[in-house]
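# Summary of the model geometry
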There are 2 protein chains.
Amino acid sequence: MNRRIGKRTLLFRSEPRILSASAVVAKNEGDGAFSGRFDLVLDDDKFGEDSFEKAECKMFETAALLACQKACIAPGDVRAMLAGDLLNQLITANYAARDLGIPYLGLYGACSTMAESLLLGGMLVDGGYCSPVLCCASSHFSTAERQYRYPLEMGTTAPPTAQRTVTGSGALLLSAQDVPSPVFSHIVLTAATIGRVVDLGITDMNNMGAAMAPACCDTILAHLEDTGYSEDEFDLIVSGDLGVFGSEMLIELAKKKDLHLDGRYLDCGASIFLPEQNFSCGGSGAGCSAVVLAGELLGRIERNDVRRVLFLATGALMSPTSGMQGESIPGIAHAVVLERRD
Amino acid sequence: MNRRIGKRTLLFRSEPRILSASAVVAKNEGDGAFSGRFDLVLDDDKFGEDSFEKAECKMFETAALLACQKACIAPGDVRAMLAGDLLNQLITANYAARDLGIPYLGLYGACSTMAESLLLGGMLVDGGYCSPVLCCASSHFSTAERQYRYPLEMGTTAPPTAQRTVTGSGALLLSAQDVPSPVFSHIVLTAATIGRVVDLGITDMNNMGAAMAPACCDTILAHLEDTGYSEDEFDLIVSGDLGVFGSEMLIELAKKKDLHLDGRYLDCGASIFLPEQNFSCGGSGAGCSAVVLAGELLGRIERNDVRRVLFLATGALMSPTSGMQGESIPGIAHAVVLERRD
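Presented here is a report on the structure given in the accompanying data block. (Residues numbered from 1 in each chain as written. Chains lettered and ligands numbered in written order. Predicted model: local features only at pLDDT ≥ 70, side-chain atom pairs only at ≥ 80, totals over all residues. Heavy atoms only, no water.)

## Some thoughts on unusual backbone geometry
Residues and elements named next belong to chain A. What counts, and what does not: Numbering of helices and strands starts at the N terminus; helices are DSSP runs of H or I of at least 4 residues and strands are runs of E of at least 2. Type-normalised accessible area, obtained with a 1.4 Å probe on protein chains alone, sets the label of each residue: buried when under 20%, exposed when over 50%, and partly exposed for intermediate values.
Cis geometry is found at the peptide bond from Ser131 to Pro132, where omega equals -5 degrees. Mapped onto the elements of the fold, Pro132 is located in the loop between helix H4 (113–126) and strand S7 (133–139). At Asn278, a position not held by glycine, the phi torsion is positive, near 55 degrees. Within the fold, Asn278 resides in the loop between helix H8 (268–272) and strand S13 (283–284). Looking at Asn278, the relative accessible area reads 65%, which means it is exposed.

## Looking at the pairing of strand S5 (residues 80–85) of chain B
One face of the sheet, then the other: side chains in a regular strand alternate in exactly this way. All names here are of chain B. The cut-off we apply is this: Pairs of strands are assigned from DSSP output, requiring at least two bridges between the strands. When the strands point away from the viewer, a crossover counts as right-handed if the route from the first strand across the helix to the second turns clockwise.
Burial runs high along S5: 6 of the 6 residues are buried. Burial along S5 is two-sided: the face carrying Ala80, Leu82 and Gly84 and the face carrying Met81, Ala83 and Asp85 are both buried. Relative to strand S7 (residues 133–139), S5 runs parallel, the two sharing 6 bridges. Bridging across to S7, Asp85 finds its partner in Ser138. Two elements, S5 and strand S6 (residues 104–106), share 3 bridges in a ladder whose sense is parallel. If you follow Ala83 over to S6, its bridge partner there is Gly106. The handedness of the S5 to S6 crossover, carried by helix H3 (residues 91–100), is right-handed.

## What about the relation of the copies chain A and chain B?
Under the convention used in this document: We superpose the copies by least squares over the C-alpha atoms of residues that have a pLDDT of at least 70 in both of them. Note on contacts: a residue pair qualifies if any of its non-hydrogen atoms lie within 4.5 Å across the two residues.
For the pair chain A and chain B, the relating rotation is 180 degrees, the translation along its axis is 0.0 Å, and the fit reaches an RMSD of 0.0 Å. The symmetry that links the two subunits is that of a two-fold axis. Minimal C-alpha separation from the rotation axis in chain A is found for Leu107 of chain A, amounting to 2.2 Å. Looking at chain A, 100% of its interface residues are interface residues in chain B too, so the copies touch through the same face.

## Examining H3 of chain B
Burial of H3 of chain B is extensive: 8 of the 10 residues sit out of reach of the surface. Buried residues of H3 of chain B: Ile91, Thr92, Ala93, Asn94, Tyr95, Ala96, Ala97 and Leu100 of chain B, and no others. Looking at the buried residues of H3 of chain B, the elements they touch are helix H10 (320–324) of chain A together with helix H2 (52–70), S5, S6 and S7 of chain B. Among the residues trailing H3 of chain B, Gly101 of chain B stands out with phi positive, at a value near 75 degrees.

## Considerations on the packing of helix H4 (residues 113–126) of chain B against helix H9 (residues 286–302) of chain B
Residue and element names in this part refer to chain B. The criterion, for reference: To obtain an axis, a line is fitted to C-alpha atoms, over the contacting stretch when the element is a helix, and the angle between two such axes runs from 0 to 180 degrees between their N-to-C directions. Note that Gly is not counted as nonpolar here; it falls among the polar residues with everything else outside the nonpolar set of Ala, Val, Leu, Ile, Met, Phe, Trp, Tyr, Cys and Pro and the charged set of Asp, Glu, Lys and Arg.
In contact at an axis separation of 7 Å, H4 and H9 are set at 60 degrees when each is read in the N-to-C sense. Of the residues in H9, those in contact with Thr113, Met114 and Leu118 of H4 are Ala286, Ser289, Ala290 and Leu293. In the contact of H4 with H9, the residues fall into 5 nonpolar, 2 polar and no charged.

## Examining the pattern of salt bridges
Residue and element names in this part refer to chain B. Applicable threshold: Should a side-chain nitrogen of Lys or Arg be within 4 Å of a carboxyl oxygen of Asp or Glu, the pair is scored as a salt bridge.
Per the stated rule, a full pass over the model turns up 40 salt bridges over all chains. The closest approach of N and O atoms between Lys27 and Asp31, which form a salt bridge, is 2.8 Å. The shortest N-O distance in the salt bridge between Arg307 and Asp342 comes to 3.0 Å. Placement of the pair is Arg307 in the loop between H9 and strand S14 (308–316) and Asp342 in the segment after strand S15 (331–340), with a sequence separation of 35 residues.

## Observations concerning the state of the cysteines
By definition, a disulfide links two cysteine residues through a covalent bond between their sulfur atoms. Heads up, the rule is: Any cysteine sulfur atom paired with another within 2.5 Å is treated as part of a disulfide.
Enumeration over the complete set of coordinates arrives at 0 disulfides over all chains. Sulfur of Cys281 of chain A: no disulfide; nearest cysteine sulfur belongs to Cys288 of chain A and is 13 Å away.

## Here's the deal with the nonpolar core
What counts is decided by this rule: The set of buried Ala, Val, Leu, Ile, Met, Phe, Trp, Tyr and Cys residues whose side-chain atoms join them within 4.5 Å is what this entry labels a nonpolar core.
In this structure, Leu134 of chain A together with Leu134 of chain B are the most contacted members of the largest nonpolar core, which totals 246 residues. Discounting chain neighbours no more than four positions away, the residues touching Leu134 of chain A are Ala64, Ala67, Cys68, Val78, Ala80, Met81, Leu82, Ile102, Ala171, Leu172 and Leu173 of chain A.

## Comments concerning the pairing of S15 of chain B
Residue and element names in this part refer to chain B. Most of S15 is tucked away, with 10 of its 10 residues classed as buried. In S15, alternate side chains face the same way, and those of Gly331, Ala333, Ala335, Val337 and Glu339 on one face and Ile332, His334, Val336, Leu338 and Arg340 on the other are all buried. Bridge analysis of strand S10 (residues 187–193) against S15 gives 6 bridges, and the strand direction is antiparallel. Along S15, the bridge assignment pairs Ala191 with Val337. Bridge analysis of S14 against S15 gives 9 bridges, and the strand direction is antiparallel. Looking across to S15, one finds that Phe311 is bridged to Val336.

## With respect to the interface of chain A and chain B
Quick reminder of the rule: Here the quantity called buried area is the total loss of accessible area, with a 1.4 Å probe, experienced by two parts when brought into contact, counted for both.
Each partner contributes to the interface: chain A provides 62 residues, whereas chain B provides 62 residues. Where chain A abuts chain B, roughly 5,100 Å² becomes buried across the two surfaces, and 58% of that area is made up of carbon and sulfur atoms. For the interface between chain A and chain B, the tally reads 4 salt bridges. Ionic pairing is found between Arg98 of chain A and Glu327 of chain B, a salt bridge with its closest N-O pair at 3.4 Å. Contributions of two or more residues to the side of chain A that touches chain B are made by strand S2 (9–11), helix H2 (52–70), helix H3 (91–100), strand S6 (104–106), H4, helix H5 (141–148), H10 and strand S15 (331–340) of chain A. For the side of chain A that touches chain B, the class distribution of residues is 30 nonpolar, 18 polar and 14 charged.

## Considerations on the environment of Asp199 of chain A
Note the threshold: Polar contacts here mean pairs of N or O atoms no more than 3.5 Å apart (in protein, one a potential hydrogen donor and the other a potential acceptor; neighbouring residues in sequence count only if both atoms are side-chain atoms).
Note that Asp199 of chain A resides in the loop between strand S10 (187–193) and helix H6 (208–227). Between the alpha carbons of Asp199 of chain A and Ile91 of chain A there is a distance of 27 Å; along the sequence they are 108 residues apart. Filtering out sequence-adjacent residues up to four positions away, Asp199 of chain A remains in contact with Ser328, Ile329 and Pro330 of chain A together with Arg98 of chain B. Within the structure, the side chain of Asp199 of chain A is placed 2.8 Å from the backbone nitrogen of Gly201 of chain A, a separation counted as a polar contact.

## A few points about the environment of Gly122 of chain A
Residue and element names in this part refer to chain A. Here Gly122 shows up in helix H4. Note: C-alpha distance between Gly122 and Cys57 (65 residues apart in sequence) is 24 Å. Beyond its immediate sequence surroundings of up to four residues, Gly122 is in contact with Phe12, Pro16, Ser117, Gly127, Leu174 and Leu189.

## Side note on the packing of aromatic side chains
Under the convention used in this document: Note on ring pairs: Phe, Tyr and Trp rings are taken, using the six-membered ring of Trp, and paired if centres are within 6.5 Å. Classes follow the plane angle, with under 30 degrees stacked, over 60 edge-to-face and the rest tilted. Remark: a charge is flagged as sitting over a ring if the NZ atom of Lys or the CZ atom of Arg is within 6 Å of the ring centre and within 35 degrees of the ring normal.
Overall, the coordinates contain 6 aromatic pairs over all chains when judged by the stated rule. Aromatic pair Tyr129 of chain A and Phe12 of chain B: ring centres 6.1 Å apart, planes at 65 degrees, arrangement edge-to-face. Residue Tyr129 of chain A is located in the loop between H4 and S7, and its partner Phe12 of chain B is located in the loop between strand S2 (9–11) and strand S3 (17–25); the two belong to separate chains. Given the relative accessible area of 0%, Tyr129 of chain A is considered buried. Classification of Phe12 of chain B by relative accessible area gives buried; the value is 1%. Taking 4.6 Å as the distance between ring centres and 65 degrees as the angle between the ring planes, the aromatic pair formed by Phe273 of chain B and Phe279 of chain B counts as edge-to-face. Across this residue pair, the class does not change: Phe273 of chain B and Phe279 of chain B are buried. Against the face of Phe141 of chain B rests Arg164 of chain B, its NZ or CZ located 3.8 Å from the ring centre. In this structure, Arg308 of chain B is placed above the aromatic ring of Tyr229 of chain B, and the distance from its NZ or CZ to the ring centre is 4.2 Å.

What follows is the structure, given as structure tokens:
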């Protein structure tokens, strides 16, 4: 059976269900625009551990276990975990996978990881290969900052285009249609579009929204072209972490292609913090779109506030090494379609 | 349709075909045990570029393009590339994906990447989601050495348990049954087993074979248990890069579980170099199993030397940061079954 439509879009004809989701965040995120929507808000972003890396791993594990617990599924019955984070060699996801003991497929899509894991996880379930599967993504301000930028102790100030890496882990449990869940009863995954790497030559590591916006626009256009849908058939089009400037850029780029996002568009990065928190252009990181999806967006679908959502997570695929060697920042965006079924 | 058997094994009932494969390596690998089997052997491991990282990226792209060219398929007609490498944030695969323009899913499985990409690529094709797809993995001695160990200029000597990272990129083109190929006409992918992270507490970064052997044993046992096959129904059981010590350890671990590998077992890492090349315990790296599979093993299946091969690629999932924080080295191994069809 052909399950591809157009050039880059996959159809999940069996409509895998989202059984449950969970989000663990730190205080800044818990005090932000989606206050009260997360499963656990940490007072201490070291989570009682002796390093930020171990704290992120514990956050990830907690989110994964909570998602299982909410759906009344034992971790040992989860058939695969598809996950990633921002740390070199994915140590957050790797060590969490060791402790959880779930068969594991490591993904690196930078901040596009949540959508990449849903795309591949959806296929595992829809194709009849595995069910249930866990899809997870994570980031932590303090682990990312010292790996990608400067030692925290330096106290460097951020330029106005910078975004703050979200400290948060999100986990979603996906399953074949036949499993009942006490959490979500109406949310299904119906399609996905694979991202292409797009690079317009941006080299400013403090302006990653601008580097990712063209890739995001490319994937939205590919999805609409492949499926024949128009943008107004979606109640919400969500991008991962373009931030304030990147979102504006996406809206402008889209307008030039006769695609009108206004009124149905949300960027997780631009929305997660409140303006008075003064985090420049908003949040970023693989955990940003993961916790907004798990904590806020799925609830809106379940409650019938929105019925069809195009969820894109956006990633900047450079490394400090490629940056120092003068390379520009390549962007990617993967998309999945989440729909409400009555 | 249920395509899972047992706990961790996926069946590819439509039997996706390997249309072509290519391997690009450096001089040491070209002079090794599989001399004459690779598509391109570089004289200069900088490949005319001004950094080793750019050289690795060019190697990767060359391998990907060669695989397409050999199968007479334009890169623009490839529906997805599933790939990874050892560098932080996967810059080899990311920048190659940008230049190739193929929809891209980044994977991080350390040296297990080749099997992870075949597992997921097989599902994309078998499930009817995409075809053809490229599965690629890469590593480079000089990029890995300076990232994971010491600056090359220090000229540190390797301890006796160390393995040398293979400089090589391998690419396989996978497709649905209906595409003819001038290269391979007989090789199909019939099943895959997802790895679990296994960690017996090894902390010596110069003895990664020992850290990975238990995971490899675990996946072989899971595959046999899930499918009901016994080891003697395989003509060859291949591990990725356990090296000389790690392979011995795997054989011993397996024996304790009443699993007898002798006579049908090959480790890509222990085999790729000749003893007189003096590379301690052999080769390692994501490129090691990729180029041995692409350059040597597929040819043996096509020529009917072997008819059923269990191919495992093995990964050590630590990072320099986790090592410095006192963590042990978690291992993983994914498996795929390659078979000859007359």
